[in-house]
Every structure is written in structure tokens, then in C-alpha cells.
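Structure assessment
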Amino acid sequence: MYAKNPLIRVASAGPVLLILGVFCFEWYAFNCIFMLRGLGRWKGEAIEVAFFRAFFFNAFWLLAIWSFLRCAFSDPGFVPRWWLDQNQGCRTEPSYFGWMPGRPSSCGKCEVPRPERAHHCSICGKCVLRMDHHCPWVGNCVGAYNHKYFILMLFYGILAAMTYGSSAAPVLAAMFGKGGGHWTIGNLGVKGWGLFSMGAVLAASLCLAMSILFLSHLWLMAVNRTSIEVAYAGRNPYSKGVSENAAQLCGRFGIDWLLPIPSFRPMTDGCKYIDYNRVDPECGV
Ligand SMILES: [Zn+2]
Ligand SMILES: [Zn+2]
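Residues numbered from 1 in each chain as written. Chains lettered and ligands numbered in written order. Predicted model: local features only at pLDDT ≥ 70, side-chain atom pairs only at ≥ 80, totals over all residues.

Under an unreviewed UniProt entry, the name given to the protein is Palmitoyltransferase, and the source organism is Cladocopium goreaui. Taken directly from UniProt, the Sequence similarities (unreviewed entry) text for the protein runs: "Belongs to the DHHC palmitoyltransferase family." Here the protein is described in UniProt, under the heading Catalytic activity (unreviewed entry), as follows: "L-cysteinyl-[protein] + hexadecanoyl-CoA = S-hexadecanoyl-L-cysteinyl-[protein] + CoA". (UniProt positions renumbered as here; feature names shortened; annotations may be inferred.)

Printed below as a string of C-alpha cells:
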């Protein structure tokens, strides 16, 4: 979304629109087919269960798409102007594939200094603070400022998919004559049942893929590494225990951890992480 090259910007929109289409399809299949078509025929307990499922599905869906949009359209952590102004002409070290705590390096492509943990993204054409990876599905880099949104997107996406899957299970069971209670194919119609089942298969597949990604990013957050830094050798100088590591990414623990909004109490500006002795006292790092 922020690529310098306009062609890459246009190409980036494809996967993002695809994911938005999946979001919309899942919402339609759940609410317009499963809920609306089935609701008139469900009696007693089933209606309460349906409302319960609808509430959680829509809440998780809303939080997932909100996180997705924040991740896709917010600044992932491009090196801020103020940092460049403060560090004009400061001594930098050549780029090195390893830990460089408290030491700015120089980007051979941008030809400007960049803070510790920043890396150049060849798709965005810029350096990104605490860069994790460039995600084509959100059309954006995942870095210091939007990594939390990325993790929340996976978290709520999994919960929404699980709610869909647990709702679909009785309908699918009804098809095979194993007892679906109030949830029968007749309630949905054959076409409706087909679309709802397609949504269920999609939800299950996404749930599996997102779970793997979610667990891997939880682990990265716990050990305070990025997908790039995971290959670094030696002791991680940034790791201060699981809760401090998580706070470096999401800020001090609070309700804001659960919402795709900037941290209320951030621990880092993405440019500086811990109080290392400055290599160059003239630099603002
Ligand atoms: Zn660069
Ligand atoms: Zn990028």
C-alpha cells in the first residue's frame, strides 16, 4: 500500500481485495444464509443459541476486519523524519546480518542512516523499523507500528472462524443423517446449504492456516525476535523475559492489548529499544 512504485501499489491491491472478499463472503454466509433463513423456523432453545452464536461471530468478525484494515493501511514503521533529522551525519555501521543493539546502520539502498532493528523492504522501497516481513495479504510491511494489529487480526480471525465452524458442524451433521436437531438442510435450502458449507470449509482452512501463523508470531513476540532476527546467531540482547518482551511490542499491559489501536503506554518508539551506551554521542539514538 505504501510502495514507492505505483505498479507495485496497484498489484498489492489484488490480494488485499481478495481477503476483503473472503471477509464479506463469510459475513454473508453466516448472517444472511445461516441466521436469517434459519431463524424463522428455529424454536425455543435454538433461537437463543443462534443469537449467542451471531453475537460472538459478528463481534470477532468486526474486530478481525478492523485489525486487518489497520494492519494494511497504517504506517508499519517507516523511519521517521525526526529521527533522520537528529541523526544526519552520525556515524553508522555497515549493514550486518546479526544483532546491532543501540547502533544505527546505513542502508545501501536508501543511502541514509537507520535505527537498530530496521531493515530495508525491497517491495515498499523503504526501511522499516523492527521489520518482520512484507505480507502480500495485507499489502503492507509488518513492522514496529503494525505488528500488534497483525497478531490481533489472526487472533480474532481464528475466533470468528471457530464460531463459524462450530455453528456449521450441526448443519453438516444433518446432511449425513447424524442428527442436526433444529439445524436442517431444509431450513437453509440446497443453494443456501451449499454456500454455507463452502463458507465452513473456507473458515476451517483459514482457521488452520491462521493458527499456525498466530502461534509462530506469539512465539516471536515472547522471545522478542522478528521473522528476520530469528536467524541471528548469539544471545538476543533485547530479550527481557516474556512479559517485558510482549510489552515492547504491544506496550504496557492494558485493555488496549485487545484492540487494534496504538498502545496507551508504549515502551519504545520503534527507533530505540534499550539503554545501550551510544556508539556515537553526537547521534540522537
Ligand atoms: Zn532502506
Ligand atoms: Zn514492505
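From this point, the discussion proceeds with the structure in view.
If you tally the helices and strands in the protein, you get seven helices and seven strands. Ordered by position from N to C terminus, the α and β elements of the protein give α-α-α-β-β-β-β-β-β-β-α-α-α-α. Burial statistics for the protein: of 285 residues in total, 35% are counted as buried. If you take every contact in the protein between residues at least 6 apart in sequence, the share linking residues at least 24 apart comes to 62%. (Helix = DSSP H or I, 4+ residues; strand = E, 2+ residues; numbered from the N terminus. Buried ≥ 20, exposed ≤ 12 C-beta atoms within 10 Å, placed from the backbone. Contact = placed C-beta atoms within 7 Å.)

The next thing to look at is the environment of Phe-196. Relative to the helices and strands, Phe-196 is located in helix H6 (residues 190-223). If sequence neighbours within four positions are ignored, Phe-196 has contacts with Ala-29, Ile-33, Phe-34, Ala-168, Val-171 and Leu-188.

In this section: the UniProt feature "transmembrane region" (unreviewed entry) in the protein. According to UniProt, the "transmembrane region" (unreviewed entry) feature falls on residues 7-30, 50-69, 149-173 and 193-215. Between the first and last C-alpha atoms of residues 7-30 the distance is 36 Å; the span itself is 100% helix and 0% strand. Taken end to end, residues 193-215 is 100% helix and 0% strand, and its first and last C-alpha atoms sit 32 Å apart.

When a protein is soluble and globular, its nonpolar side chains tend to lie buried together. Within the largest apolar cluster, 59 residues are counted, with the highest numbers of intra-cluster contacts made by Ala-64, Phe-68, Val-128, Met-153, Ala-160, Tyr-164 and Phe-196. Counting residues per element, the ones that place at least two in this core are helix H1 (6-39), helix H2 (45-73), strand S5 (126-128), strand S7 (140-142), helix H4 (147-175), H6 and helix H7 (242-250). Looking at which element gives the most residues to this core, the answer is H4, with 14 residues. (Core = buried A, V, L, I, M, F, W, Y, C linked by C-beta atoms within 7 Å.)

As a further point, take the environment of Gly-143. Inspection of the secondary structure puts Gly-143 in the loop between S7 and H4. Since 27 C-beta atoms lie within 10 Å of it, Gly-143 is described here as buried. Distance in space between the C-alpha atoms of Gly-143 and Arg-117 is 10.0 Å, their sequence separation being 26 residues. Beyond its immediate stretch of four places on either side in the chain, Gly-143 contacts Pro-76, Gly-77, Val-128, Leu-129, Arg-130, Met-131 and Asp-132.

Moving on, we get to the confidence of the model for the protein. For the protein, per-residue confidence averages 88 on the pLDDT scale, and residues scoring 70 or more make up 88% of the total. Of all secondary-structure elements in the protein, the lowest mean pLDDT belongs to helix H5 (residues 185-188), at 66, while strand S6 (residues 133-135) reaches the highest, 97. Under a pLDDT of 50 for its full length, residues 276-285 has, in the predicted model, 23 contacts with residues more than four places off or in other chains. (pLDDT = per-residue confidence, 0-100.)

Mapped onto the elements of the fold, Cys-127 is located in strand S5. Judged by C-beta crowding, with 24 C-beta atoms within 10 Å, Cys-127 ranks as buried. Residues Cys-127 and Gly-143 lie 16 residues apart in sequence; the distance between their C-alpha atoms is 10.0 Å. The residues touching Cys-127, leaving out its near neighbours within four places in the chain, are Val-79, Cys-107, Cys-110, Arg-114, Ala-118, His-119 and His-120.

On to H7, then. Looking only at H7, the buried set comprises Ala-246, Ala-247, Gln-248, Leu-249 and Cys-250. Looking one or two places after H7, you find Gly-251, whose phi comes out positive at around 85°.

Right, let's get into H6. Counted at 1.5 Å a residue, the expected span for H6 with its 34 residues is 50 Å, and the 49 Å between its end C-alpha atoms agrees. By the burial criterion, the buried members of H6 are Trp-193, Phe-196, Gly-199, Ala-200, Ala-203, Leu-206, Met-210, His-217 and Met-221. (Expected span 1.5 Å × (residues − 1).)

Turning our attention to the sheet that holds strand S3 (residues 113-114). As summarised here, the arrangement of the three strands in space is S1-S2-S3, forming an open sheet in which the pairing is mixed. Looking at the sheet topology across the chains shown, the edges are occupied by strand S1 (93-94) and S3. As paired elements, strand S2 (residues 105-106) and S3 share two bridges and run antiparallel to each other. Directly across from Ser-105, in S3, lies its bridge partner Arg-114. (Pairing = 2+ DSSP bridges.)

You will see that Glu-111, though not glycine, has its phi angle at about 60°, which is positive. Tracing the backbone through its elements, the reader meets Glu-111 in the loop between S2 and S3. We note that Asn-224 has phi near 55°; this positive angle belongs to a residue other than glycine. The residue Asn-224 is located in the loop between H6 and H7 in this model.

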